[in-house]
Amino acid sequence: MTRLSAHGLSAEVRRGWDGEIYLRTPETSVATGSSAPNQANATGSTMVAYPVLQLANFALPSQRGDFGGGAVELMGAHNLFVSLFEYGPESVGTALFAPQGTPWPLSPDAFGPNRLQRPLPGQGGAQRFFSRAGRPFCLYVVLGSYLLRRATLRQLNHALQTVTIT
Amino acid sequence: MMVLVVLLGVVVALLAVLVVGLLRTHAEILRRLHELGAGVYDDSAPAGPVALSAPGAAPLRTQPGVAEPRTSETSAFDLSGTTPDGATAVIGVVDRPHTTLLAFLSSGCTTCRGFWDAFADGEANELPGLDTHLVVVTKGPQNESMSKVAELARDRVRTVMSSQAWADYGVPVSPYFVLADGRTGRVLGEGSGTTWAQVAGLLEQACADAGLDPAGGRRTRALGPNGPAREQRADEELARAGIGPGHPSLYGQTTLDDQGPDDLIEPVEPVVNGSDGADAG
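**Points about the overall build of chain A**
Thinking step 1. Summing up its helical and strand segments, chain A has one helix and 11 strands in all.
Thinking step 2. The order of helices and strands in chain A, counted from the N terminus, is β-β-β-β-β-β-β-β-β-β-α-β.
Thinking step 3. Buried positions account for 45% of the 166 residues belonging to chain A.
Thinking step 4. Considering only contacts in chain A between residues 6 or more positions apart, those separated by 24 or more positions represent 60%.

**Brief notes about the overall build of chain B**
Thinking step 1. Looking only at helices and strands, chain B features seven helices and nine strands.
Thinking step 2. Within chain B, the fraction of its 281 residues that count as buried is 32%.

**Notes on the confidence of the model for chain A**
Thinking step 1. Of the residues in chain A, 87% reach a pLDDT of 70 or more, and the chain-wide mean stands at 87.
Thinking step 2. Every residue in residues 29-42 of chain A is under pLDDT 50, and counting partners more than four places away or in other chains gives 26 contacts.

**Re the pairing of strand β8 (residues 80-86) of chain A**
Thinking step 1. Counting buried positions over the seven residues of β8 of chain A gives seven, a clear majority of the element.
Thinking step 2. Alternating positions in β8 of chain A separate into two faces, L80, V82, L84 and E86 of chain A on one and F81, S83 and F85 of chain A on the other, with burial throughout.

**Thoughts on the pairing of strand β2 (residues 88-91) of chain B**
The side chains of a regular strand alternate between the sheet's two faces.
Thinking step 1. Residues T88 and V90 of chain B of β2 of chain B are buried on one face, and the alternating residues A89 and I91 of chain B, pointing to the opposite face, are buried as well.
Thinking step 2. In terms of strand pairing, strand β3 (residues 18-23) of chain A meets β2 of chain B through three bridges, oriented antiparallel. When the bridges of β2 of chain B are listed, I21 of chain A appears paired with T88 of chain B.
Thinking step 3. As paired elements, strand β1 (residues 79-82) of chain B and β2 of chain B share four bridges and run antiparallel to each other. Within β2 of chain B, the residue paired with G81 of chain B across the bridge is A89 of chain B.

**Focus on the sheet that holds strand β11 (residues 164-165) of chain A**
Residues and elements named next belong to chain A.
Thinking step 1. Ordered by their spatial adjacency, three strands build an open sheet running β1-β2-β11, and the pairing between neighbours is antiparallel. Bordering the open sheet on either side are β1 (2-6) and β11, each of which pairs with just one other strand.
Thinking step 2. Note that strand β2 (residues 9-13) and β11 share two bridges and pair antiparallel. The residue of β11 that forms the bridge with L9 is I165.

**Points about unusual backbone geometry**
Thinking step 1. With omega at 5°, the peptide bond leading from W104 of chain A into P105 of chain A counts as cis.
Thinking step 2. Inspection of the secondary structure puts P105 of chain A in the loop between β8 and β9 (124-132).
Thinking step 3. S174 of chain B connects to P175 of chain B through a cis peptide bond whose omega is 0°.
Thinking step 4. Residue placement: P175 of chain B occurs in the loop between α4 (163-168) and β7 (176-181).
Thinking step 5. In this model, H7 of chain A sits at a positive phi of 55°, which is unusual for a non-glycine residue.
Thinking step 6. Here the phi dihedral of D131 of chain B falls at roughly 50°; this positive angle occurs in a residue that is not glycine.
Thinking step 7. With respect to the element layout, D131 of chain B can be found in the loop between β4 (126-127) and β5 (133-138).

**Examining the environment of A153 of chain B**
Residue and element names in this part refer to chain B.
Thinking step 1. The residue A153 is located in helix α3 (residues 146-153) in this model.
Thinking step 2. Under the C-beta neighbour-count criterion, A153 is labelled buried, with 24 such atoms within 10 Å.
Thinking step 3. Sequence separation of A153 and A120 is 33 residues, and the distance between their C-alpha atoms is 7.0 Å.

Rules of the game
Residues numbered from 1 in each chain as written. Chains lettered and ligands numbered in written order. Predicted model: local features only at pLDDT ≥ 70, side-chain atom pairs only at ≥ 80, totals over all residues. Helix = DSSP H or I, 4+ residues; strand = E, 2+ residues; numbered from the N terminus. Buried ≥ 20, exposed ≤ 12 C-beta atoms within 10 Å, placed from the backbone. Contact = placed C-beta atoms within 7 Å. pLDDT = per-residue confidence, 0-100. Pairing = 2+ DSSP bridges.

Following this line, the structure appears as structure tokens:
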């Protein structure tokens, strides 16, 4: 395994998996105090970039979206894709992010074929919002086959157990 | 008597010239053989395979000054490093159902520039091997300019900056290419070249030597097995069968033993912060 660590996120990447932690495109925010890097733009408002952690047991393409657009279309039946997406601190304390602590392990009933932002035939997805260490996150998971989700979940939860947020 | 001595002297002189000529020719032959790695005193020296050698390939030696690939079979390694846009990345190479072509390039070498341009122009969209994926590997940010690499990579090819990968694969020089088989975790072939066409030809040879069908396993990245063309063809076939968007059979609910009604009606949870929602998955 290889340890992937950046921006207060880390995960063990198993042999043959792809993993990446990057800062998504900065957005204007009035929030301060985040552990994420901030940049001041020309107008004086704060441009904040928050990290995204992605894991996949298949080869991720060079160009893809934060939630796997461009990658999930390449998935086979036994493939899975994980995106751990951090929101700005203005989301802390809202009802959506009220659950405290990481939501894994995930159970089979967490997934549904209609829980994908863009349903693709045969795939299943799950989405969980939560807060951890004062940081609001969305965990978004896509399974290559909804019908085979029980077999894929073991790999998924094993990978999620290695994810840490500090 | 005097005439006989003179004649004998002339004959001896001619023979001496002939022997010297033969010795010179023999020395030249030995020198050439030595350069080719087949000299009479080369038995103890390692036989260096030529560029992109494969196990079983004829042992040859590269020209003086050109690095020789390893002589023993080599393991493949996953890649760990930084992307040109600053992300921390791990890219799997082993335990994969496909082959991976690792292109070890640098931003400074003139020969590498041709490969950067070839990849950016899509010349490497078709790769020999088993659904071969291309990954460009440069040295880490401590040895390379991230902005220069980002400019050369142009987002079309997965690129990782990792000095560790150069050390793991024992890369002697750039440009250098390694074809790794994810199923076996072994390197199928490796070496260098000056043009993409040359390297592509050597790759096909390495694939053939490894028992892979270069043409049959060819992968088109632009229109891959899951590309738009295939999606459109599948949509057309489904439409002919009367199956359109939202058709229940697409979700297989009649065959799921543990799926409750909520699974089919539960909406996707709301997305906050405007465009922060899932984009396409």
